[in-house]
Amino acid sequence: MGRTILVADDSTMSRMMIKRALPEGWAEQVLEAANGQEALDQLAANAVDVLFLDLTMPEVDGFAVLEQLSGEGGAMPKTFVISADIQEESLKLCQERGALDFVPKPIRAEALAELLQRHGLLA
């Protein structure tokens, strides 16, 4: 059974770069969200296995998405924060709210594959 991925970023270019960096055939379905509210809507409507989440987005930011997901008590998708600049305090907050790791922008396919391997998501 294939994975369902959600890429949540307000930048169309960033979403495209993340999708291109995914290992070939790794995801069966790739969903997109242009802001945090769209991400929450997609998560409510779909069984998402992996979430790539930007922190700085309009309407609802990535921190709020993480807070809502971690507060629901249900199964949270494996979540990776994507950001061009993240301070140590922000990274700590993301991890406390359930994010597995940090993916620096701009994303590179090799770095993404290494990250997925490190978390047991890629053989």
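In short, a report on the structure. Because the structure is predicted, anything quoted here is derived from the model rather than measured. (Residues numbered from 1 in each chain as written. Predicted model: local features only at pLDDT ≥ 70, side-chain atom pairs only at ≥ 80, totals over all residues. Heavy atoms only, no water.)

To continue, consider the overall build of the chain. Scanning the chain for helices and strands turns up 5 helices and 5 strands. Scanning the chain from its N terminus toward the C terminus, one meets helices and strands in the order β-α-β-α-β-α-β-α-β-α. Taken over the C-alpha trace, the chain has a radius of gyration of 13 Å; the compact-globule value for 123 residues is 14 Å, and the two agree within 12%. Principal axes of the C-alpha set define a box for the chain whose edges measure 30 × 30 × 25 Å. Taking all 123 residues of the chain together, 41% fall into the buried category. (Helix = DSSP H or I, 4+ residues; strand = E, 2+ residues; numbered from the N terminus. Rg over C-alpha atoms; globule rule 2.2 N^0.38 Å. Buried < 20%, exposed > 50% of the residue type's maximum accessible area, 1.4 Å probe, protein only.)

Where strand 1 (residues 3-8) lies against strand 2 (residues 27-33), 6 bridges are found, and the strand directions are parallel. Its bridge partner lying in strand 2, Val7 is registered against Glu32. In this fold, strand 1 hands off to helix 1 (residues 12-21), which returns the chain to strand 2; that crossover is right-handed. (Pairing = 2+ DSSP bridges. Right-handed = clockwise from strand over helix to strand, strands pointing away.)

One pass over the structure, following the stated rule, counts 1 aromatic pair. Note on Phe52 and Phe80: the rings are 5.7 Å apart at their centroids and 25° apart in plane angle, and the pair reads as stacked. One end of the pair, Phe52, is in strand 3 (residues 50-54); the other, Phe80, is in strand 4 (residues 78-83), with 28 residues separating them in the sequence. We note that Phe52, like Phe80, is buried. (Phe/Tyr/Trp six-rings, centres within 6.5 Å; stacked < 30°, edge-to-face > 60°.)

Another aspect to go through is the nonpolar core. Formed by 20 residues in total, the largest nonpolar core has its most connected members in Leu6, Ala8, Leu51, Leu53, Val81 and Cys94. In contact with Leu53, not counting residues within four places along its chain, are Ala8, Gly62, Val65, Leu66, Thr79, Phe80, Val81 and Ile82. Core analysis: the second largest hydrophobic core is formed by 16 residues, Ala21, Trp26, Phe52 and Leu112 among them. (Core = buried A, V, L, I, M, F, W, Y, C linked by side-chain atoms within 4.5 Å. Contact = heavy atoms within 4.5 Å.)

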